[in-house]
Amino acid sequence: MRLTEFTEFMYTEFGQRAADAMLVDHGILELGGRTGAVAIDEGVDPRIVWRALCRDFDVPPDRW
């Protein structure tokens, strides 16, 4: 998944303000407690971050 696609999915699902905050404030246990922003900066595929956030925030799987 490209970063632009990831950003589009985040903004569509959560809204821009919430998505931006989520990426820098929410520690994702599945990713060792890293935030989405840190995980992506460290080379984690945005698709993995997207799916982890969807699980954490109870997004129905059909929207992943």
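Okay, so let's go over this structure. (Residues numbered from 1 in each chain as written. Predicted model: local features only at pLDDT ≥ 70, side-chain atom pairs only at ≥ 80, totals over all residues. Heavy atoms only, no water.)

**Description of the environment of Gly15**
So, step 1. Topologically, Gly15 is positioned in the loop between α1 (3–14) and α2 (16–25).
So, step 2. Exposure remark for Gly15: the relative accessible area of 25% places this residue in the partly exposed category.
So, step 3. Spatially, the C-alpha atom of Gly15 lies 17 Å from that of Arg55, the residues being 40 residues apart in sequence. (Helix = DSSP H or I, 4+ residues; strand = E, 2+ residues; numbered from the N terminus. Buried < 20%, exposed > 50% of the residue type's maximum accessible area, 1.4 Å probe, protein only.)

**Comments concerning α1**
Residues spaced three or four apart along an α-helix point in a common direction, a consequence of the helix completing one turn every 3.6 residues.
So, step 1. Compared with the 16 Å implied by 1.5 Å per residue over twelve residues, the 16 Å span of α1 between its first and last C-alpha is a close match.
So, step 2. Along α1, the residues classified as buried are Phe6, Met10 and Phe14. In a view along the axis of α1, the buried residues occupy a sector of 35°, so they form one face of it. Among the exposed residues of α1, those oriented more than 90 degrees off its buried face are Thr4, Glu8 and Thr12. (Expected span 1.5 Å × (residues − 1). Arc of directions from axis to C-beta.)

**Notes on the nonpolar core**
So, step 1. Membership of the largest hydrophobic core comes to 18 residues, with the highest contact counts inside it found for Phe6, Met10, Phe14, Val49, Trp50 and Leu53.
So, step 2. Elements with a contribution of two residues or more to this core: α1, α2, α3 (36–41) and α4 (46–56). (Core = buried A, V, L, I, M, F, W, Y, C linked by side-chain atoms within 4.5 Å.)

No statement about biological role is implied by the geometric values presented.
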